[in-house]
Amino acid sequence: MSLRLARPLRLLLLGAPGSGKGTQTSKLLKVLPELKSVSSGDILRHELKSGTELGVLAAKYIAQGKLIPDKVITQVLIAHLSKEKWLNPQSSWLLDGFPRTERQAFSLDSTLGENNAKLNLVVELDVPEEVILERIDNRYIHVGSGRVYNLQYNPPKVAGKDDVTGEPLVKRSDDNVQVFKKRMKEYKKTLGPIKEHYAKQGILATISGDTSDIIFPKLCALINQHFGAKEQQLHHEAFESKKEQKIQPRL
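Keep in mind that what you see is a predicted model, and the values were worked out from it rather than measured. (Residues numbered from 1 in each chain as written. Predicted model: local features only at pLDDT ≥ 70, side-chain atom pairs only at ≥ 80, totals over all residues. Heavy atoms only, no water.)

Pairing within the open sheet is parallel, and its five strands lie in the order β2-β3-β1-β4-β7. Two strands bound the open sheet, and with one partner strand each, they are β2 (36–39) and β7 (204–208). Taken pair by pair, the neighbouring strands of this sheet meet at an average axis angle of 25°, ignoring direction. Relative to strand β3 (residues 93–96), β2 runs parallel, the two sharing four bridges. Looking at β3, one finds that Lys36 is bridged to Trp93. (Pairing = 2+ DSSP bridges. Helix = DSSP H or I, 4+ residues; strand = E, 2+ residues; numbered from the N terminus. Axes fitted to C-alpha atoms, helices over the stretch in contact; angles between N-to-C directions.)

Here we come to the UniProt feature "binding site: GTP" (unreviewed entry) in the chain. Mapped onto the present numbering, the UniProt feature "binding site: GTP" (unreviewed entry) falls on Gly18, Ser19, Gly20, Lys21, Gly22, Thr23, Arg139, Val148, Tyr149 and Ser212. As for its placement among the helices and strands, Ser19 is situated in the loop between β1 (10–15) and α1 (21–31). Those residues in contact with Ser19 that sit more than four places away from it in its chain are Leu125, Val127, Ile132 and Arg135. Relative to the helices and strands, Thr23 resides in helix α1. What makes Thr23 partly exposed here is its relative accessible area of 37%. (UniProt positions renumbered as here; feature names shortened; annotations may be inferred. Contact = heavy atoms within 4.5 Å. Buried < 20%, exposed > 50% of the residue type's maximum accessible area, 1.4 Å probe, protein only.)

In this structure, Leu9, Leu11, Leu28, Leu32, Leu119, Val123 and Ile223 are the most contacted members of the largest nonpolar core, which totals 58 residues. Per element, the largest residue contribution to this core is seven residues, and it comes from helix α8 (residues 212–227). (Core = buried A, V, L, I, M, F, W, Y, C linked by side-chain atoms within 4.5 Å.)

A few words on the packing of helix α3 (residues 53–63) against helix α4 (residues 70–83). The geometry of α3 relative to α4 is characterised by a closest axis approach of 10 Å and an angle of 155° between their N-to-C directions. Between α3 and α4, the angle is such that the two are roughly antiparallel. Classified by chirality, the crossing of α4 by α3 is left-handed. Two secondary-structure elements touch here, α3 through Leu54, Leu57 and Tyr61 and α4 through Val72, Gln75, Val76 and Ala79. Taken together, the residues that form the contact of α3 with α4 break down as six nonpolar, one polar and no charged. (Parallel < 35°, antiparallel > 145°, perpendicular 65-115°, else oblique. Left-handed = near helix turned anticlockwise from the far one by under 90°. Nonpolar A, V, L, I, M, F, W, Y, C, P; charged D, E, K, R; others polar.)

The next thing to look at is the environment of Leu35. With respect to the helices and strands, Leu35 occurs in the loop between α1 and β2. Under the relative-accessibility criterion, Leu35 is labelled buried at 3%. A sequence separation of ten residues divides Leu35 from Thr25, and the C-alpha atoms of the two residues are 9.9 Å apart. Contact partners of Leu35, with chain neighbours within four places excluded, come to Leu9, Leu28, Leu29, Ser92, Trp93 and Leu94.

Let us now look at the side chain of Lys21. Assignment of secondary structure puts Lys21 in helix α1. It is Asp96 that comes nearest to the buried, bridge-free Lys21 among opposite-charge side chains, at 5.6 Å. Sequence-distant contacts of Lys21, that is, excluding residues within four places in its chain, are made with Leu13, Leu14, Gly15, Ala16, Asp96 and Leu125. (Lys, Arg positive; Asp, Glu negative; His and termini not counted. Salt bridge = Lys/Arg side-chain N within 4 Å of Asp/Glu carboxyl O.)

Next up on the list: the UniProt feature "domain: Adenylate kinase active site lid" (unreviewed entry) in the chain. As annotated by UniProt and renumbered to match this structure, "domain: Adenylate kinase active site lid" (unreviewed entry) occupies residues 139–174. With 0% helix and 17% strand, residues 139–174 has end C-alpha atoms that lie 11 Å from one another.

Structure follows, in structure tokens:
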């Protein structure tokens, strides 16, 4: 599968912890080469490691056990977009991990708006809690690389070992029922205002499904419908029409 954008796409994926935002991001980057991934977590870690002015400022809050202010996180993200020359109306990118609160959304919108580069699509990945919990229960990681395995649908070739290095896999300390329920409670509390914020702008959509294989085609269809090239949309409609004809019951 491949997609071609007819106009710039600046996408934000929303979803509960374990809903598969990372999986959808990697899949989208493969079918949309012009789309760039912007991970607030990765950017912040790079700033901290590089000892930049913003990184030093963020480190002070972390050292004091305080949350990094919304303004600082926004500055880190905007600085990265500017450095990569993606802070313009022609850019296409996918935002991961930010904003997490309505205040952050307002802060981000303000700065992006000044550069005519506001988000134009926000998608909530709606996955049942019991499905997410099952994923978390079966999830293991390789610490050195961050590679993630799932015993159900993406198991390691050798049980308990990383496919590349052969080193042991471990379970993250927060991959348990208690932590998950706490994170879900916090997520639900902040999700409502964020969804309302983007719904008012007319750019919010929700995609439901139990697996990434169900959600991904729906996500691609949504992007194709609103941002795809016209001939690509016609091809997709023809393909869907043929599928429907094939499954029509004989009367």
